[in-house]
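Take a look at the letters that make up each chain.
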Amino acid sequence: MDALKEASLDNEEVREILKNTTDLRQYSRQIEKEFKDVENKSIEDYIAESQNIANLHNQINDCDDVLERMENMLMSFQSVLNNISTEITQLQRKSVSMSLQLTNRQSVKAQLSQFIEDMAVSEDMINIIMDTAVTEREFSNQLNVLNHKLSLVKELSFKESKSTSDVSDVLHKLRLKAMSKIRSYLLEQIYKFRKPMTNYQIPQNAMLKHKFFFEFILSNERHVAQEICSEYIDTMSKIYYSYFKSYSTRLTSLKFEESCTKDDLMGIEDNASKGLFAKTTSLKHKSTIFTIGKRGDILNQQLEAPIIVPHAQLKNRYTAEALFRSEQYALVDNACREYLFVTEFFMVRSTQAQDLFNQIMGKTLTLMIKNLETSIHDCYDTIAMFLCIHLIFRYQLMCHKRCVPALDKYWDSLQSVIWPRLEYVFRLNIQSIHDCDPTKFNKEMGPHYITRRYAEFSAAIVGISEHFPNELVSRLLLELQNEVECFILRMAAIFATRKDQLIYLINNYDLVLGVLMEHTRDNSKEAEAFREQLNARSAEYVDEILAPHFGGIIQFVKEGEQYVEKDQADELRKQERRSLGLVASFSANWKKSLEELNREVLLSFPSLLTGSQLLQLALASLVQYYHRFHKLLTPNARAQLTNIHVVMVEIKKYKSNY
């Protein structure tokens, strides 16, 4: 593109010359002349500047020399740098090699230093092991060091290390000395248990403080460890056996002097008269035998109460379950502490811990099981036995919370002793009710004493077993309930009239239900069963007491509603004369009938609440019949009937505040 532009410019210049000049040769000569002039001027300039050009030439030569020297110098520098790079590479290799050597030497030095330190026996160690008391902290520290050195020497001896021969003799002597001192100390602590009135928690705590002593002995001389363990087992076994044998014997002296016998069953009448000076140290009262009262507190507030101290309670007497609780709680406290001690000090777990615990506590546990078998052989107090079983449940749970499973077989053994006796006595009570002859009792429509005993007893058993239900107990309770219901029906049959029978049934059902609801949950099976019976008999009783006063109206309503159902309106209208008579009779006597109803109901039931409820039920039933009677009447008869509002106002007068 640039060449084209220049050619275009030359062409224009040529055209301009041709345009302005006619003679080209003349123009050529002119141009040559101008070139000549320029050439001459250039020569003059070169001549004028010749000195400067010569100087410039010299300077350029000088620069070339300088640059040549610099090139030589740089080449020299490059050679030197190449040499330095080679030396740096060599130094780097030497540095890596020296670093590796240093690391290896340090590693060897650390291991060798540790080995020398582990193998060397210092003068301080020898002096402390030989002369310092075992209870001092320095002795324990050096004993740990000695144990480490002994383990190391034992390990190296298998590898035939020559270094062990230098220290083995010294370590052996130190081991024997330490073993002798530790053995004497531990046996001394164990012998302290044998002193009368000793609080053996103190030496136990001292032994736990130095539990490493036994670990040292166990790892170095097993026969010495076995000696110490055997001595401890023998000592503690005798101590626990002696303590609990004495404690059980002294507790037995605090029992009530008179206990329950076979004559104190639920169906047997209590004919024993209590004089003015009758002993109070007796549980032989029917109201006490079958009533739990505050005895249930033993499973809650008194579960972890302090144990009974016999010599401080000589004037007091206790129930069987209270003595059982005190004895078992003492055992739980001692056994749990003992189990935790042996597992920590003797370093045993699971089966080994159980075996060691059994060797210590076995005789004591066997003694307590035999004592229970003896005491329960002639026990007829079902509530006491049932409380003892639930004490076992709670103490077993307490042991598990303390991570002590060692007493599980013991608790099972206690239950295997109590359950058969409990079931036997329970069935004796059921049989005693079955054998009752209703004709031998007085004709009283109030609650029977057997019913009251059953209500209190059943409420006690149900209340106790709420947290630990048992199939056997539920089955026995059901059998007892059925037998009591049969007894109540047999007793009701001795009354001549149905109304008296219903009054008797309601009084007894109401008593049972009231006691059950007071001591157990409202929705218990026993409460539901008696609630159904009470409701059914109450409805029947209401019909019985309404019949003498309003029986005509009730009968008319039942017959009239049948006519309506069968669509026999003509038959219903034919009963107008009869209905007018009923209306007239009601209008004349209804107030008097209400008064007699009120008097009769309240006199028939000792419980004001029950009487009031039955009266309200009867009045509510009367109002319903009255409404139904009103609907069935003809307009003529309906006009003569007493206004319902008047009747309601009168009925409200009998509303009770109970």
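Each value, and the rule that gives it
- Residues numbered from 1 in each chain as written.
- Predicted model: local features only at pLDDT ≥ 70, side-chain atom pairs only at ≥ 80, totals over all residues.
- Heavy atoms only, no water.
- Helix = DSSP H or I, 4+ residues; strand = E, 2+ residues; numbered from the N terminus.
- Buried < 20%, exposed > 50% of the residue type's maximum accessible area, 1.4 Å probe, protein only.
- Contact = heavy atoms within 4.5 Å.
- Areas by Shrake-Rupley, 256 points an atom, 1.4 Å probe, with all protein chains shown as cover.
- Polar contact = N/O pair within 3.5 Å; in protein donor to acceptor, adjacent residues only side chain to side chain.
- Arc of directions from axis to C-beta.
- Salt bridge = Lys/Arg side-chain N within 4 Å of Asp/Glu carboxyl O.
- Patch = residues over 30% accessible without salt bridge, like charges linked within 9 Å, V, L, I, M, F, W, Y side chains within 5 Å.
- Lys, Arg positive; Asp, Glu negative; His and termini not counted.
- Charge placed at Lys NZ, Arg CZ, Asp CG, Glu CD.
- Expected span 1.5 Å × (residues − 1).
- Bend = angle between axes of the 7 residues up to and from the residue.

**Student:** Help me out: how do you make sense of the overall build of the chain in this one?
**Tutor:** When its secondary structure is counted, the chain shows 23 helices and 0 strands. Within the chain, the fraction of its 658 residues that count as buried is 40%. By sequence separation, contacts in the chain at least 24 residues apart represent 78% of the contacts at least 6 residues apart. Summed over its atoms, the accessible surface of the chain is roughly 38,800 Å², and 53% of this surface lies on carbon and sulfur atoms.

**Student:** Would you mind showing me how to read unusual backbone geometry here?
**Tutor:** Most peptide bonds adopt trans geometry, and most residues besides glycine take a negative phi value. Its identity as a non-glycine residue notwithstanding, Met347 has a phi of 55°, on the positive side. Of note, Met347 is situated in the loop between α11 (320-345) and α12 (350-376). Met347 gets classed as partly exposed once you look at its relative accessible area, which sits at 37%. One non-glycine residue, Asp567, adopts positive backbone phi at about 60°. Its location among the elements puts Asp567 in the loop between α18 (525-565) and α19 (569-573).

**Student:** Sorry, what's going on with the environment of Tyr410 here?
**Tutor:** Along the chain, Tyr410 turns up in helix α14 (residues 408-434). Given a relative accessible area of 3%, Tyr410 falls into the buried group. A C-alpha to C-alpha distance of 8.6 Å links Tyr410 and Thr366, two positions 44 residues apart in sequence. Residues in contact with Tyr410, not counting those within four places in the same chain, are Gln328, Leu331, Leu365, Met368 and Ile369. Reaching out from Tyr410, the side chain makes a polar contact with the side chain of Gln328 at a distance of 2.8 Å.

**Student:** Just checking my understanding: could you explain helix α4 (residues 123-131) for this structure?
**Tutor:** Burial in α4 covers these residues: Met125, Ile128 and Ile129. All buried residues of α4 project into a common sector of 95° when viewed along the axis, lining one side. Away from its buried face by more than 90 degrees, α4 exposes Glu123 and Asp131.

**Student:** Quick question: what am I supposed to make of the pattern of salt bridges here?
**Tutor:** Where charged atoms of side chains with opposite charge meet at close range, the side chains can pair. By the definition in use, this model includes 18 salt bridges. A salt bridge links Arg537 to Glu540, with the nearest nitrogen and oxygen atoms 3.4 Å apart. On the criterion of helical spacing, the pair formed by Arg537 and Glu540 is a turn pair, its members being 3 residues apart in helix α18. We classify Arg537 as buried; its relative accessible area is 19%. What makes Glu540 partly exposed here is its relative accessible area of 25%. Here Lys653 makes a salt bridge to Glu650, at a shortest N to O gap of 3.1 Å. What makes Lys653 exposed here is its relative accessible area of 59%. Under the relative-accessibility criterion, Glu650 is labelled buried at 11%. Through salt bridges with shared partners, a single network forms among Arg295, Glu321 and Asp381.

**Student:** Would you explain a negative patch on the surface in this entry?
**Tutor:** A grouping of Asp62, Asp64, Asp65, Glu68 and Glu71 is seen on the molecular surface, where their side chains present a negatively charged patch. Structurally, Glu71 can be placed in helix α3 (residues 50-119).

**Student:** I would appreciate a short explanation of α12 in the present structure.
**Tutor:** Structurally, the α-helix is built with 3.6 residues per turn, so residues lying three or four positions apart point the same way. The terminal C-alpha atoms of α12, which comprises 27 residues, lie only 33 Å apart, well short of the 39 Å expected from a rise of 1.5 Å per residue. Where α12 bends most, the angle comes to about 60°, and this point is Met361. Those residues of α12 that sit buried are Ala353, Leu356, Phe357, Ile360, Met361, Thr364, Leu365, Leu367, Met368, Ile369, Leu372 and Ile376. In the core, the buried residues of α12 are packed alongside α9 (222-252), α11, α13 (382-401) and α14.

Taken by themselves, the reported measurements are silent on function.
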